Amino acid sequence: MLNFKILTTSGNARSGIIKLNNFFVKTPIFMPVGTYGSVKAISPLELIEMKYNIILNNSFHLWMRPGLDVISKFGGLHKFINWNRLILTDSGGFQVFSLSKRNKITEKGIYFFSPINGDKLFLSPEISMKIQKILNSDIVMQLDECTPYKIYNRILSENEVENSMKMSLRWAQRSKEEFYKINNKNSLFCIVQGGMFKNLRDESLEKLKEIGFDGFAIGGLSVGEPKKKMIKILQYIGPKLPIDKPHYLMGAGTPEDIIMAVSNGIDMFDCIIPTRNARNGLLFTNFGNIKIKNARYKFDKNPLDYSCNCYTCKNFSRSYLHYLHRKGEILGSRLNTIHNLYYYFQLMRKIRLSINNNIFEKFVKDFCENRKYENKF
Ligand SMILES: [Zn+2]
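Parameters at a glance
- Residues numbered from 1 in each chain as written.
- Predicted model: local features only at pLDDT ≥ 70, side-chain atom pairs only at ≥ 80, totals over all residues.
- Heavy atoms only, no water.
- Domains from an automatic or database assignment.
- Contact = heavy atoms within 4.5 Å.
- Buried area = accessible area lost by both parts, 1.4 Å probe.
- Helix = DSSP H or I, 4+ residues; strand = E, 2+ residues; numbered from the N terminus.
- Axes fitted to C-alpha atoms, helices over the stretch in contact; angles between N-to-C directions.
- Parallel < 35°, antiparallel > 145°, perpendicular 65-115°, else oblique.
- Left-handed = near helix turned anticlockwise from the far one by under 90°.
- Nonpolar A, V, L, I, M, F, W, Y, C, P; charged D, E, K, R; others polar.
- Pairing = 2+ DSSP bridges.
- Expected span 1.5 Å × (residues − 1).
- UniProt positions renumbered as here; feature names shortened; annotations may be inferred.
- 1 Å grid on protein atoms, 1.4 Å probe; cavity = no way out; pocket = protein on both sides within 12 Å on 5 of 7 lines; lining within 4 Å.
- Buried < 20%, exposed > 50% of the residue type's maximum accessible area, 1.4 Å probe, protein only.

Describing the domain arrangement of the protein
Many structure descriptions define interface size as the accessible area lost when the parts assemble.
Item 1. The domain architecture assigned to the protein consists of domain 1 (3-271) and domain 2 (279-370).
Item 2. One C-alpha centre belongs to domain 1, the other to domain 2, and the line joining them spans 28 Å.
Item 3. Listed by partner, the interface residues are 30 residues for domain 1 and 22 residues for domain 2.
Item 4. Summing the contributions of domain 1 and of domain 2, the shared interface buries around 2300 Å²; its carbon and sulfur component is 74%.
Item 5. Among the residues domain 1 hides against domain 2, the three largest losses belong to Met50, Pro255 and Ile259. Together they make up 26% of the total.
Item 6. Of all elements in the fold, only strand S1 (3-10), strand S2 (13-20), strand S3 (23-27), strand S4 (29-34), helix H1 (44-49) and helix H10 (255-262) reach the threshold of two or more residues within the side of domain 1 that touches domain 2.

Here is the structure:
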């Protein structure tokens, strides 16, 4: 049973606390992404040392490999991956749409071919709920259709977006019915769709409120639309989400995106950016981003970020990280990931503190000013 309490607000920004299955999560929170059941290049122990207590896993990939027969032998994902804290899983719909080109969407569900071996497979709201029950996810996501912004360079019409949104609503209802039918005691989040149309976003939200969920996610953003449109929709729908439930923006973003979304009432985030960028040598610091492969760092004895207390910054120079990256050493990926995830956790902590101290606006201003340029010192 998920319990959510708001501690303080500052404008539309909220600082709160989620209590779920004996864990407390302070919000706004960032959830590292472990697509295949592992957060790349980092161990659960290291995540715990950074104080993360919730991660995201992809139910689609885990369903494909290692498969539910393996995971059910362990009684769920927590034991299999040795993560005894909270897990949120997505419904698998997004992966089916994006990985399987040959798919057929019907009212009943999605027919598709396995990207692993070409087998013909089927995913429905009911099946997604069963998969996430076997995974024993603490937070289960409804199956929805992530409405694209464009198909083959053509922007979707209002009518097309409406049809997609309405099917997601019916799938939300079916997800909830199945969730209770199979006696899942964890929590279920819904996903507000409706593309770039305010009226459709309103309709989606109203119906989802009637059905009733433990948390409300915003989907169908960062799907190829211009950034301005994304911000407009977020500014419109974020503050309208039910005040007493956690608000989750799926798949965003950069530090700047997160701050913008928090100021519009979002509490939860996941994104591959800090981990994937770390492996590609793009590092976030309080003084702008660093591309560690750049020649300017070859002789640089400074840490990545003087103000950071992570293991990487406390012990290694930019020069060494530059060398590791150029050489393609695994340690380089590990040290970079440790820094970026530490940076994201600290970013969220500072956001929470600034909301609690009612200086969020000033925090946003200083933050943006400091991060304007690459590497000021
Ligand atoms: Zn660091």
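This is not the end of the story, as more comes after the structure.
Overview of the packing of helix H8 (residues 198-211) against helix H9 (residues 227-237)
Item 1. As a packed pair, H8 and H9 sit with axes 11 Å apart at the nearest point and diverge in direction by 40°. It follows that H8 is oblique to H9 by the angle criterion. Our pair here, H8 against H9, has a crossing hand that is right-handed. Contact with H8, carried on its side by Lys198, Arg201, Asp202 and Leu205, involves Ile233, Tyr236 and Ile237 of H9 and no other residues of that element.
Item 2. By residue class, the composition of the contact of H8 with H9 is four nonpolar, no polar and three charged.

Let's talk about unusual backbone geometry
Item 1. With omega at 0°, the peptide bond leading from Thr27 into Pro28 counts as cis.
Item 2. In this structure, the amide linkage connecting Ala252 to the following residue, Gly253, adopts the cis form with an omega of 10°.
Item 3. Locating Gly253 in the fold gives a position in the loop between strand S15 (247-249) and H10.
Item 4. The phi torsion at Asn136 lies on the positive side, around 60°, for a residue other than glycine.
Item 5. By secondary structure assignment, the location of Asn136 is in the loop between helix H6 (125-135) and strand S10 (139-141).
Item 6. Positive phi, close to 70°, is recorded for Asn153, a residue that is not glycine.
Item 7. Secondary-structure assignment places Asn153 in the loop between strand S11 (150-151) and strand S12 (154-155).

Remarks on the packing of helix H7 (residues 158-181) against H8
Item 1. Interhelical geometry of H7 versus H8 gives an angle of 10° and a closest axis separation of 10 Å. By the angle between their axes, H7 is roughly parallel relative to H8. Between H7 and H8, the residues in contact are Glu158, Val161, Glu162, Met165, Lys166, Leu169, Ala172, Gln173 and Lys176 and Asn199, Leu200, Glu203, Ser204, Lys207, Leu208 and Ile211, respectively.
Item 2. The class makeup of the residues in the contact of H7 with H8 is seven nonpolar, three polar and six charged.

A look at the pairing of strand S18 (residues 288-291)
Item 1. Pairing of strand S17 (residues 282-285) with S18 involves four bridges; the strand directions are antiparallel. Looking across to S18, one finds that Thr285 is bridged to Gly288.
Item 2. Counted along the chain from S17 to the antiparallel partner S18, the turn is two residues long.

A few points about H7
Item 1. End to end, H7 covers 34 Å across 24 residues, agreeing with the expected 34 Å (1.5 Å per residue, within 8%).
Item 2. Asn183 occupies a position one or two residues after H7 and carries a positive phi of about 60°.

So, the environment of Glu210
Item 1. Tracing the sequence through the fold places Glu210 in helix H8.
Item 2. Sequence separation of Glu210 and Gln173 is 37 residues, and the distance between their C-alpha atoms is 9.9 Å.

Notes on the UniProt feature "binding site: substrate" (unreviewed entry) in the protein
Item 1. Taken from the UniProt record, the annotation "binding site: substrate" (unreviewed entry) applies to Asp90, Ser91, Gly92, Gly93, Phe94, Asp144, Gln193 and Gly220. The subset of these annotated residues that lines the largest pocket comprises Asp90, Ser91, Gly92, Gly93, Phe94, Asp144, Gln193 and Gly220.
Item 2. Here Gly92 lies in the loop between strand S6 (86-90) and helix H5 (93-99).
Item 3. Once residues within four sequence positions are removed from consideration, Gly92 is found in contact with Ser59, Phe60 and Leu123.
Item 4. Topologically, Phe94 is positioned in helix H5.
Item 5. Residue class for Phe94 comes out partly exposed when judged on its relative accessible area of 46%.

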